[in-house]
Amino acid sequence: MQVFANESAALAREKLSTACVEMKRLLDALRDPHHGRVADEIHAIRKQGKILRGGFELFRLKPTAGREIQAIGRLLSGSRDAVSRCSTWRKLDVSGDEQTVAAIAALLEQQIHISTRRPPEVSINWCHARVDAAMELLDSLPARELPERVSKGWKKLQRRARKLCHSLERRNEHRFHEARKALKAWSGAAVFLTDEHPLKEPAPALMEELGDENDLTVLAAWLRTHGFTPRFAPGVWDILEQKQNKLRRHLVKAGLAL
C-alpha cells in the first residue's frame, strides 16, 4: 500500500478545506437574483459537491462528512436533472409519432422553466450548515491520523473503481450506476493529492461515457413515470434502447481496460 507523507496528507486536508469554502461561495451566489443562470449555478455547485465527496472519501469520512455534502446535491437536484433530461432527449433526435414527440418535448421544456427559480433562502442556509458540519468533521481529525487515512482511502477508491468497472460485463443497470459513482469519487479524491496522482486515461473518458449512460437511464425512468411507456411511445423506446445497448457494449470493453 502506498503511504503518503505527513506533508502530503496535511496539504490534502488544507486543499479540501479550501474547496469547502469555495462551495459556500457558490451557495451564496444563489442568493443573488442577478448572478447568472440558476441552472448553471446549480450545476457548478453539484460539480463541486462531487469533488468534495471524493475528498471526504479520501479521508474515510464518507458516512459522515460525505453524507452532509450529498444532501446538498439532492436538495438542488431538480433544476439540473430537468436540464439534463431535456438535453438527453434532444440528442436522441427522435422522429416518427409527431404527437408523442411533441408532448414529451413540451413537458420537458416546461419542467426546465419551472426549475429556473432560485431555492428559498432557508434552503440555502440549510446547505451552508451542511458544509459547516462537514468541515468540522474534517478539522477534528488528529494530524497523526492523516497519512494512514489518506493512504487507505486512496487505495480503497482505486480498488473499488477498478472492480466495479471490470464487472460491467454483467450488463446490470445498477452496476453501471455504481461504477460511475466510484469513478467520480476516485476522480474527486485525486484533486486533493499532488500532481503525481492524476486520473489517467481511460478513466476520465470512461467516467464521461458512464455519465451518458446514466442520462439515458434517467430519461427512461422519467418517460415511464410520465406515461410514455413502450406501449404508447414504441418509436421513442426503440431509439433509446438501441443507443443505450450500443453504449453499454462499448462501456463493457472500456471498463475491462481500466
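Residues numbered from 1 in each chain as written. Predicted model: local features only at pLDDT ≥ 70, side-chain atom pairs only at ≥ 80, totals over all residues. Heavy atoms only, no water.

**Section: the overall build of the chain**
The condition is simple: In this description a helix means any DSSP run of H or I spanning at least four residues, a strand means any run of E spanning at least two, and both kinds are numbered starting from the N terminus. Only C-alpha atoms enter the radius of gyration, while the globule expectation follows 2.2 Å times N to the 0.38, with N the number of residues. The cut-offs for exposure are 20% and 50% of the maximum accessible area for each residue type, with area from a 1.4 Å probe on protein chains only; residues under the lower value are buried, those over the upper are exposed, and the others partly exposed. We call two residues in contact when some of their heavy atoms are within 4.5 Å. Using a 1.4 Å probe, the Shrake-Rupley method yields the accessible areas, and only the shown protein chains count as cover for residues. In this charge count, Lys and Arg are treated as positive and Asp and Glu as negative; neither His nor the chain ends contribute. For this purpose, a charge sits on NZ of Lys, CZ of Arg, CG of Asp or CD of Glu.
When helices and strands are counted, the chain shows 10 helices and zero strands. The N-to-C order of helical and strand elements in the chain reads α-α-α-α-α-α-α-α-α-α. For 258 residues, the compact-globule formula gives about 18 Å, and the C-alpha radius of gyration of the chain, at 20 Å, lands near that figure. The principal-axis extents of the C-alpha atoms in the chain amount to approximately 65 × 45 × 25 Å. Classification of the 258 residues of the chain by burial places 46% in the buried group. In the chain, 80% of the contacts between residues at least 6 apart in sequence involve partners at least 24 apart. With the model as given, the accessible surface of the chain reaches about 13800 Å², and the carbon-plus-sulfur share is 51%. The distance from the centre of the 44 positive side-chain charges to the centre of the 33 negative ones in the chain is 5 Å.

**Re helix 9 (residues 203-225)**
Stated formally: One less than the residue count of a helix, multiplied by 1.5 Å, gives the span that helix is expected to have.
If you check helix 9, its first and last C-alpha atoms are 33 Å apart, about what 23 residues at 1.5 Å a residue would give, namely 33 Å. Gly-227 sits one or two residues past helix 9 and shows a positive phi near 90°.

**Points about the packing of helix 2 (residues 38-58) against helix 4 (residues 77-92)**
The following threshold applies: Fitted lines through C-alpha atoms serve as axes, helices being fitted only where they are in contact, and the angles separating the N-to-C directions of these axes extend from 0 to 180 degrees. Any angle that falls under 35 degrees is termed roughly parallel, while one over 145 is termed roughly antiparallel, one within 65 to 115 roughly perpendicular, and all others oblique. Residues are sorted three ways: Asp, Glu, Lys and Arg are charged, Ala, Val, Leu, Ile, Met, Phe, Trp, Tyr, Cys and Pro are nonpolar, and all the rest, Gly among them, are polar.
Viewed as axis vectors pointing N to C, helix 2 and helix 4 meet at an angle of 110°, and their least axial separation amounts to 9 Å. Between helix 2 and helix 4, the crossing angle belongs to the class labelled roughly perpendicular. Packed against helix 2, whose contacting residues are Val-38, Ala-39, Ile-42, His-43 and Arg-46, the element helix 4 presents Ser-77, Ser-79, Arg-80, Asp-81 and Val-83 at the interface. Grouping the amino acids of the contact of helix 2 with helix 4 by side-chain chemistry returns four nonpolar, three polar and three charged.

By themselves these figures say nothing about function.
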